[in-house]
Amino acid sequence: QVQLVESGGGLVQAGGSLRLSCAVSGSFVRLGVMGWYRQAPGKGRELVGSVRNIGVTNYGDSVEGRFTISRDDARSSVYLQMNNLKPADTAVYYCNADVTTQSDWGTVSFTRWGQGTQVTVSS
């Protein structure tokens, strides 16, 4: 069973920084695109950033220049460095990963999500 576990959320003052981590556990053949999304109260889930297994990154407009996504395939992990945080960044942050596993019928690919970690930025 493949699982994603986030850590690093918490309460921080505006202008501060946090670093989120997400570790993938279980049996899999390959990790494809890994990413971070967030969902604020009363709003839909939005892309924060994503990173391909060749290192190409993509960011949501509201975090460009402040957040940095990275991955460590040796540790099956993805990270999100968040700087100059604003109250508008308050949300539950979720990581996800495109996972390829081996089954009796060949390879199977799917997207798995973590349970989320709360980030609260006070003004």
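Just so it is clear, the structure is predicted and the values come from calculations on it, not from any experiment.

(A) Focus on the nonpolar core. In this structure, Trp36, Phe67, Val78, Leu80, Met82 and Tyr93 are the most contacted members of the largest nonpolar core, which totals 28 residues. Within the residue set of this core, elements represented by two or more residues are β3 (18-25), β4 (30-39), β5 (46-51), β7 (67-72), β8 (77-82), β9 (91-103) and β11 (117-122). Ranked by residues supplied to this core, first place goes to β9 with five residues. With sequence-adjacent residues up to four places away left out, Met82 is seen in contact with Gly16, Ser17, Leu18, Leu20, Arg66, Phe67, Tyr93 and Val119.

(B) Representation of the side chain of Arg38. With respect to the element layout, Arg38 can be found in strand β4. Among the polar contacts made by the side chain of Arg38, one reaches the side chain of Tyr93 at a distance of 2.9 Å.

(C) Expanded view of the pattern of salt bridges. One pass over the structure, following the stated rule, counts five salt bridges. Arg38 is paired through a salt bridge with Asp89; the nearest N and O atoms lie 2.9 Å apart. In this pair, Arg38 sits in strand β4 while Asp89 sits in the loop between β8 and β9, placing the two residues 51 residues apart along the sequence. For Asp89, the salt bridge is made with Arg66, and the minimal N-O distance between the two is 2.8 Å. Within this pair, whereas Asp89 is found in the loop between β8 and β9, its partner Arg66 is found in the loop between β6 (57-59) and β7, the two being separated by 23 residues in sequence. The exposure class assigned to Asp89 is buried, which follows from its relative accessible area of 1%.

(D) Broad picture of unusual backbone geometry. The phi dihedral of Ser76 is positive, around 50 degrees, even though this residue is not glycine. With respect to the helices and strands, Ser76 occurs in the loop between β7 and β8. A positive phi angle is found at Asn84, which is not glycine, with a value near 50 degrees. Along the chain, the position of Asn84 falls in the loop between β8 and β9. Overall, Asn84 belongs to the partly exposed group, its relative accessible area being 43%.

(E) Examining the side chain of Asn96 more closely. In this fold, Asn96 is placed in strand β9. Those residues in contact with Asn96 that lie beyond four places of it in its chain are Leu4, Val33, Met34, Gly35, Tyr37, Thr111, Arg112 and Trp113.

(F) Summary view of the packing of aromatic side chains. If you walk through the whole model with that rule in mind, you get one aromatic pair. Positioned above the aromatic ring of Tyr79, the side-chain terminus of Arg19 is 4.3 Å from the ring centre. For Arg45, the ring lying beneath its charged end belongs to Trp113, and the centroid distance is 4.7 Å.

(G) Spatial organisation of the sheet that holds β8. Reading across from one edge, β1-β3-β8-β7 is the order of the four strands in this open sheet, with antiparallel pairing throughout. Edge strands, defined here as strands with exactly one partner in the open sheet, are β1 (3-7) and β7. When the angles between neighbouring strand axes are averaged without regard to direction, this sheet yields 15 degrees. Sheet topology places β1 next to β3; five bridges connect them, and they run antiparallel. Following the sheet pairing, Glu6 is matched in β3 by Cys22.

Rules used throughout
- Residue numbers here run from 1 along each chain, matching the order of that chain's written sequence.
- Note on the predicted model: pLDDT of at least 70 is required for a residue's local features to be given, and 80 or more for side-chain atom pairs to be given and counted; whole-chain, interface and lining totals, by contrast, use all residues.
- The side-chain figures draw on all heavy atoms in the structure; neither hydrogens nor water molecules are used.
- As used here, the term nonpolar core means buried Ala, Val, Leu, Ile, Met, Phe, Trp, Tyr and Cys residues forming a set that is joined through side-chain atoms within 4.5 Å.
- Note on classification: 1.4 Å probe, protein chains only; a residue is buried when its accessible area is under 20% of the maximum for its type, exposed when over 50%, partly exposed between these limits.
- Put simply, DSSP marks the helices as runs of H or I at least four residues long and the strands as runs of E at least two long, and each gets a number from the N terminus on.
- Should any heavy atoms of two residues lie within 4.5 Å, those residues are considered in contact.
- For the purposes of these results, a polar contact is taken to be a pair of N or O atoms within 3.5 Å, where, inside protein, one atom must be able to donate a hydrogen and its partner to accept one; residues adjacent in sequence count only when each atom of the pair is a side-chain atom.
- For this analysis, a salt bridge means a side-chain nitrogen from Lys or Arg found within 4 Å of a carboxyl oxygen belonging to Asp or Glu.
- Stacked, tilted and edge-to-face pairs are distinguished by plane angle, under 30 degrees for stacked and over 60 for edge-to-face with tilted covering the rest, among Phe, Tyr and Trp rings (Trp via its six-membered ring) whose centres lie within 6.5 Å.
- Two conditions define a charge sitting above a ring: the NZ of Lys or the CZ of Arg must be within 6 Å of the ring centre, and it must be within 35 degrees of the ring normal.
- Note on pairing: two strands pair once DSSP finds at least 2 bridges between them.
- Here an angle of 0 to 180 degrees is reported between the N-to-C directions of two axes, which are lines fitted to C-alpha atoms, with helices fitted over the stretch in contact.

Such coordinate-based values are descriptive only and should not be taken to indicate function.
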